[in-house]
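Descriptive analysis of the structure
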Amino acid sequence: MEKAGLQGERSVLLVEDDGYCGYFLTEVLRLPGLRVTSAAKGSDILDAAADTALDAVIVHFQDRVEQALVSMRRLAEHNTVTPIIAVSEEADVDVALAVVHAGAFDYLVRPFNNAARVEQALRGAFSRRDELRKQAEAGLGSGAGYGMIGKSCLLLELQRTIRQIGPMQVNVLIYGESGTGKELIARAVHLESERRDGPFVAVNCGAVPEALFESIFFGHEKGAFTGATRRHAGFLEEAQGGTLFLDEVGELTPKGQVALLRFLENQEFTRVGGSAAQKADVRIIAATNRNLDQAVDERRFRADLYYRLNVVYLRAPSLRQRTEDILPLADYFLTRFCLKNRLDPIQLSPEAVRLLDAYDWPGNVRELENLMEGLAATLPDGQRLITRKQISQYSGKIQAALGREDPLSEVHPGDSADSRRSADPYQAGRADYASRPGGPGPFPIEDSSSSSPAEAGTMEPEPMLQSYREACEAFEARYFKTLLEANGGNVAKAARQAGIHPVTLHRKLRKLR
């Protein structure tokens, strides 16, 4: 029976020394349309693998596991659009997971006893390559923005600073709330440096036990302690010639702070159980969501280490500081999800966009990403539009934060006049608001029948002559103006009376000028 061919000709780069994989692909598997190019491991495989016309790269690793992980990270960072299939003789689940975590698309064990498994890995890699091509065509690649989506002034200024300080040999400290993309910024600095071809190793300092810090960071020799059955390369050796990213550096224990400071002073370290000092050519980029100035004052973080890390300071803006990027980010996450899951495009309704714009996003970009993917995954079959109601029902957090802020937007066409009045607490409770202690209600209550023609001529246009958006903005302007006057200009008191967060009120006031 003739084998089913591939969709068009597929180009594969094969990196090995003994020719076994090449023989298996061409003589045993014999997939029609498969074109295999071989490269010896001694050659410059980074340049060969950087060819974006490739559909997959297959690499046979005979090195120690630690060295194989370093090589895999370099390959994955050098070409982010071509899937890499790692091949090794190590039939160990932990090794396979580590290699995949380092950037491999799939992991195969030699000798190949199952041709169907090899073919499955190839077809999966080709399918993934097609998805990445579609993403690039849709403008979802990292591009010049390093994967940072948006055109706000804060984001553009941050990108300009990254381009300026990237090539400099200085350590960088990034501050930002959780979910603002601090690792994305660190990778951007790495890509702008002369170390871009070297590894980028990310470490969560909060997850490193104090007792194992030196072993994990500096490595250990065989027999250094019970269970040390072989020499282990630490993070510093893995990052040799590249960048070591210390995420949540404020979580380092006192012992970890001392050990890191010792390395920063002379760029030397000694493996646990060893005696020879090792040199590491590594750039340090650290990130934190803690106030390290305060931690230094309270003696919870060493001042000398802080000054070593904080040579260049970058601030990751929160999402509420760049609200104009909310819609581009939401569209990006929806488009990416649809491409990955082979779904028709999904969009947001205008009311849904207004809701996203009004929310404070305490979880920042990560919260928005999770919300968009969750909504897209649970959207009813055949529906391609996300509504405001669905967002409120899906996220109790958003509903609680904004449920009382914009009640008019919950009114739907076809509601009766009575139901519309009951949906608007400002209309339903005018007398209550007017008689509330501490000042008048949220807007002046006037009897329109007693107004003279001259007075009527000085008011805003009739609601029916305005668009819905203009009418809402006019209402909000009157409401917040009267609310502030009633509270003597005190924003905190006004926010409490309105039942909204002070930050939300500040943003509303800026928006309404």
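The structure this text deals with has already been given above.
These numbers come from a predicted model, not from an experiment.

**Observations regarding the side chain of H190**
With respect to the secondary-structure elements, H190 resides in helix 7 (residues 182–191). A polar contact of 2.8 Å, which involves the side chain of H190, links it to the side chain of T243.

**Quick notes on the sheet that holds strand 6 (residues 172–175)**
Taken together, the five strands give an open sheet; going across it, the order is 7-8-11-6-12, and neighbouring strands pair in parallel fashion. The sheet is open, and its two borders are formed by strand 7 (200–204) and strand 12 (312–315), each paired with just one other strand. Sheet twist, expressed as the mean angle between neighbouring strand axes with direction ignored, is 20°. Strands in contact with helix 6 (residues 153–165) are strand 6, strand 11 (283–288) and strand 12; relative to strand 12, the strand with the most contacts, it is inclined by about 155°.

**Topic: the pattern of salt bridges**
Following the criterion strictly, the structure yields 25 salt bridges and no others. Where R336 meets E373, a salt bridge forms, and the shortest distance between an N and an O atom there is 3.0 Å. Note that R336 is positioned in helix 13 (residues 326–340) and E373 in helix 15 (residues 364–378), a separation of 37 residues in sequence. With a relative accessible area of 15%, R336 lands in the buried category. Here the salt bridges do not stand alone but share partners, grouping E16, D18, E89 and R110 into one network.

**Quick look at the sheet that holds strand 4 (residues 84–88)**
Strand order in the open sheet formed by five strands is 2-1-3-4-5, and the pairing between neighbours is parallel. Looking at the sheet topology across the chains shown, the edges are occupied by strand 2 (34–39) and strand 5 (106–109). Sheet twist, expressed as the average angle between the axes of neighbouring strands with direction ignored, equals 20°. As judged from the four bridges shared by strand 3 (residues 56–60) and strand 4, these two strands associate in the parallel manner. If you follow V59 over to strand 4, its bridge partner there is A86. On top of the sheet, helix 1 (residues 20–29) reaches strand 1 (10–15), strand 2, strand 3 and strand 4; it is set at about 155° to strand 1, its chief contact.

Scoring rules and cut-offs
- Residues numbered from 1 in each chain as written.
- Predicted model: local features only at pLDDT ≥ 70, side-chain atom pairs only at ≥ 80, totals over all residues.
- Heavy atoms only, no water.
- Helix = DSSP H or I, 4+ residues; strand = E, 2+ residues; numbered from the N terminus.
- Polar contact = N/O pair within 3.5 Å; in protein donor to acceptor, adjacent residues only side chain to side chain.
- Pairing = 2+ DSSP bridges.
- Axes fitted to C-alpha atoms, helices over the stretch in contact; angles between N-to-C directions.
- Contact = heavy atoms within 4.5 Å.
- Salt bridge = Lys/Arg side-chain N within 4 Å of Asp/Glu carboxyl O.
- Buried < 20%, exposed > 50% of the residue type's maximum accessible area, 1.4 Å probe, protein only.

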